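A closer look at the structure
The primary structure of each chain is shown beneath.
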Amino acid sequence: MVSNKVRPIKGILRRYALCGTFLSLMILCCAAAMALPANDNFANSQILSGASGSISNSNVGATKEPGEPNHSQNAGGHSLWYQWTAPVSGAFAFDTSGSNFDTVLAVYTGSAVNSLTMIGYNDDNGVSGSTSRLVFRAVAGVTYEVAVDGFNGVVGSVDLAWNLVPPPANDDFASARAISGAAGAVTGDNEAANAEAGEPNHAGAAAGRSVWYRWTAPASGAIAFGTQGSDFDTVLAVYTGASVNSLTSIASNNDEGRFKTSFLMFNAVAGTTYSIAVDTTFLSSPGNIVLTWGAPPANDNFASAQVIHGTSGQASGNNVCATLETGEPSHVTPFPSGRSVWYRWTATRSGTIAFSTAYSDFDSIIAVYNGATAATMTYVGGDDDSGPNKSGWVAFNAVAGTTYSISVDGYDGPAGNIQLTWIQGGSDFGKDGQPDMVIYNSTLNQVAIMHVVSSAFSSYQVIKTLPVGWTVAGVGDFNGDGHPDVVLQNLSTRQVSIGFFNGSTITNYVQVKVLPVNWQVAGVGDFDGDGQPDLILQNPVNHQVSIGLMNGSTLLKYQYLKTIPAAWRVAGVGDFNVDGQLDLLLQNPTNHQVAIGWVSGGKVTTYQYLKTLPIGWQVTGIGDYDADGQPDLVLTNATTRQVSIGFVSGAVLTNYWQVRTLPANWQAVGPR
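Residues numbered from 1 in each chain as written. Predicted model: local features only at pLDDT ≥ 70, side-chain atom pairs only at ≥ 80, totals over all residues. Heavy atoms only, no water.

Our focus in this paragraph is the overall build of the protein. Helix and strand counts for the protein stand at 1 helix and 47 strands. Relative to the globule expectation of 26 Å for 672 residues, the C-alpha radius of gyration of the protein, 36 Å, shows a markedly less compact shape. Based on the C-alpha atoms only, the size of the protein along its principal axes is roughly 110 × 110 × 45 Å. Out of the 672 residues belonging to the protein, those deemed buried represent 50%. Put simply, of all contacts in the protein between residues at least 6 apart along the chain, 62% involve residues at least 24 apart. If you sum the accessible surface of the protein, you get close to 27600 Å²; carbon and sulfur atoms cover 54% of it. On the protein, the mean spot of the 29 positive side-chain charges and the mean spot of the 48 negative ones are 15 Å from each other. (Helix = DSSP H or I, 4+ residues; strand = E, 2+ residues; numbered from the N terminus. Rg over C-alpha atoms; globule rule 2.2 N^0.38 Å. Buried < 20%, exposed > 50% of the residue type's maximum accessible area, 1.4 Å probe, protein only. Contact = heavy atoms within 4.5 Å. Areas by Shrake-Rupley, 256 points an atom, 1.4 Å probe, with all protein chains shown as cover. Lys, Arg positive; Asp, Glu negative; His and termini not counted. Charge placed at Lys NZ, Arg CZ, Asp CG, Glu CD.)

In structure tokens, the structure reads:
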């Protein structure tokens, strides 16, 4: 008879036995799941055959052998091996585009894993993301060893495909692709290209993947060729001659800049035929080619800078075939300049001006100098990426009558279409050379910037919540840092302050003055020509208008300007006749009329009717929104919250353009 005390012990033993069996099964299952792939080792490479094909397997559980090289210069850790004998000579592509992980790919010759000869390698092919593609020239009958691994040891399903790649039509010198015209661009590739017997080394690099173009100069003069936009490390060379083994070198270039594309220029002779070779410095790195050519732009050199005018405006151009002058400095960046073009601007009045390349289509830089020659010019300021879209933005305090030279270049060589914009007066919150709008929420007491691009709404940016009772009265750069600051006033206490803006927020306030009874700020502008913004003050009781002359944030004195007709109010200031003096913009809220008070010699000399606005609309700001050098009107309908721009040419309001319907409780209040 078994004791009751023994039965529990036997039950425990049975449970332990069952657990042991389960654990053993788990270990066996894990071991089976982690079994090494059959082609884990070099000696057990999976055999591939034919001119094309594909195969799928996995590198889960694969290892890296002692002495095995790092494939594509990456440590990897889970490699698979394949062996393939070329059935014919030619360019063959191997790729892993169907794989579900970040692969690396390498091809070798050799009989031992620790003594292989590299043929080529690739990590990310740039087309299908993180998978790999390698094109190399195979020789019939030669056996190649192909390794696939995971970048930094990642694993997954491997899809390996291979095929014969036909060479490009312009692979050989004799079949060069014809290009024509004084300027142009063509695309192509050199993926399956090959060097010919007797072909020279291009730009000092051994020829290996060259393709050829042929161009006959339509006229004599400087011509530039470049490969910017190509996706590999190019070399570029130009020759004359009738056969590949007897060419005369005209010009060549390997690396123009940090991005490894090429650029060269030479003096072409009308009617002469030139052969252009594009190649790569590494046999493992062919790719897509962009070849451009053209004469340098008219403003390529400092001495031939394009003249621009006005306190605001825009200029278009390009630096695609621009060059670097002898002795030209590196603009802003430590990398050599290479594609600079020049603009020249003379200040008609003193004050902060901002220049921007925000709407250029490449990574641009900008620099400003003064001085009469390239050899004697003095650096004023410059920038690389302060503006949007990797653009340059520079602001400085211009002096009336001084001429400034502005250089626009690509960051370490890139080129493209240039859009240069500039604005003087301090309303460019977005660093794009265009005026923005200031909006205010009377319920939340918030101030925001409504960014405007080419007269269209771009985005909102809340910059501050004001103390209760305060509102925005104007905009101007009062501390000379290039950023517009905000003039604030409290109509109850008659206090006026400046909120200093640092590019993203109002950082601090400085009290300017407690104004006399009934006076208030109506706008901001430099009326005395000292380069610093002043305050335009009005008294709605006696209709007087005065200027509060400023030195930074200090109000020095008042200067009477005019007593305007009853019922009229100052809506802002702007140089409407482009004579270098600010004029008053007046509006009558009763009959909705808008007029200009022309200012000359510090006095309002005459009035000119401009427009009768639709009922419900009023002027709430002034700025040059179409970059024609003349101020336009910001118009607001307080009931519908619509904001529009009234474009002004001379003293004529030509048309309206709706910008935005503001969110509830918001209204436009500047710039003015």
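With that settled, consider the sheet that holds strand 32 (residues 485–490). Spatially, 4 strands are ordered 31-32-33-34 in an open sheet, and the strand pairing comes out antiparallel. With one partner strand each, in any of the chains shown, strand 31 (470–476) and strand 34 (506–514) form the two edges of the open sheet. On average, each strand axis in the sheet is inclined to that of its neighbour by 30°, with strand direction left out of account. Bridge count for strand 32 against strand 33 (residues 495–501) is 5 bridges, and the pairing is antiparallel. Residue L488 lies in a different strand from strand 33, and its bridge partner there is S497. (Pairing = 2+ DSSP bridges. Axes fitted to C-alpha atoms, helices over the stretch in contact; angles between N-to-C directions.)

Counted according to the given criterion, the structure contains 3 salt bridges. Of the charged contacts in the structure, one is a salt bridge between R133 and D95, with a shortest N-O distance of 3.7 Å. Placement of the pair is R133 in strand 7 (residues 133–138) and D95 in strand 4 (residues 90–95), with a sequence separation of 38 residues. A salt bridge links D255 to K260; its shortest N-O distance comes to 3.4 Å. Assessed through its relative accessible area of 38%, K260 is described here as partly exposed. Each of the salt bridges in this network shares a partner with another, and the network as a whole consists of D95, R133 and E191. (Salt bridge = Lys/Arg side-chain N within 4 Å of Asp/Glu carboxyl O.)

Bridge count for strand 1 (residues 46–48) against strand 3 (residues 80–85) is 3 bridges, and the pairing is parallel. Of the residues in strand 3, the one forming a bridge with L48 is W84. Sheet analysis places strand 3 next to strand 8 (residues 143–150), joined by 6 bridges and oriented antiparallel. Opposite T85, over in strand 8, you have T143 as the bridge partner.

Turning to unusual backbone geometry, a few remarks are in order. Residue G670 is joined to P671 through a cis peptide bond whose omega torsion reads 10°. The phi dihedral of V578 is positive, around 50°, even though this residue is not glycine.

Here the focus is the environment of T507. Tracing the chain through its elements places T507 in strand 34. Since its relative accessible area comes to 44%, T507 is described here as partly exposed. Each C-alpha atom of the pair T507 and I463 lies 9.4 Å from the other, and the pair is 44 residues apart in sequence. The residues contacting T507, other than those within four sequence positions of it, are F500 and N502. Among the polar contacts made by the side chain of T507, one reaches the side chain of N508 at a distance of 2.9 Å. (Polar contact = N/O pair within 3.5 Å; in protein donor to acceptor, adjacent residues only side chain to side chain.)

Once that is clear, we can look at the packing of aromatic side chains. Working definition: an aromatic ring pair is given by the centre-to-centre distance plus the angle between the planes. For the structure on display, the rule yields 26 aromatic pairs. Ring centres of W81 and Y108 lie 6.0 Å apart, and the angle between their planes is 45°; on these two criteria the pair is classed as tilted. Placement of the pair is W81 in strand 3 and Y108 in strand 5 (residues 103–109), with a sequence separation of 27 residues. Given the relative accessible area of 0%, W81 is considered buried. Ring pairs connect the aromatic residues W84, F92, F94, F136, Y144 and W162, which therefore count as one cluster. The ring of F173 has R214 lying over it, and the distance from NZ or CZ to the ring centre is 4.4 Å. Over the ring of F302 we find R344; its NZ or CZ atom is 4.5 Å from the centre of that ring. (Phe/Tyr/Trp six-rings, centres within 6.5 Å; stacked < 30°, edge-to-face > 60°. Lys NZ or Arg CZ within 6 Å of the ring centre and 35° of its normal.)

Segments scoring low in pLDDT should not have their predicted coordinates read at a detailed level. Within the protein, residue pLDDT values average 90, and 92% of them lie at 70 or more. Between residues 1–33, whose pLDDT stays under 50, and residues either more than four places distant or in other chains, the model counts 1 contact. (pLDDT = per-residue confidence, 0-100.)

Before going further, it helps to examine the sheet that holds strand 36 (residues 534–539). With antiparallel pairing, 4 strands are arranged side by side in an open sheet as 35-36-37-38. Of all strands in the sheet, those bounded by a partner on one side alone are strand 35 (520–525) and strand 38 (554–563). Strand-to-strand twist of the sheet, defined as the mean angle between neighbouring strand axes without regard to direction, takes the value 25°. Examined bridge by bridge, strand 37 (residues 544–551) and strand 38 share 8 bridges and lie antiparallel to one another. Bridged to Q544 within strand 38 is T563.

Counting 22 residues, the largest nonpolar core has I179, Y213, W215, F225, F266, I276 and L291 as its most contacted members. Elements represented by at least two residues in this core include exactly strand 12 (211–216), strand 13 (221–226), strand 14 (234–240), strand 16 (263–268), strand 17 (273–280) and strand 18 (288–294). Apart from the residues lying within four places of it in its own chain, the contact partners of L291 are I179, G184, A185, V186, Y213, F225, G226, T227, L236, I276 and V278. (Core = buried A, V, L, I, M, F, W, Y, C linked by side-chain atoms within 4.5 Å.)

Bringing the pairing of strand 35 into the picture now. In terms of burial, strand 35 is a largely internal element, 5 of the 6 residues being buried. For strand 35 and strand 36, the ladder comprises 5 bridges, and the chain directions are antiparallel. Of the residues in strand 36, the one forming a bridge with V524 is L535.

Among the secondary structure elements, S356 is positioned in strand 22 (residues 351–356). For S356, a relative accessible area of 0% translates into the label buried. There is a polar contact of 3.4 Å between the side chain of S356 and the backbone oxygen of K431. For S356, the residues in contact, after removing those within four places along its chain, are I366, G392, W393, Q419, L420, T421, K431, D432 and G433.

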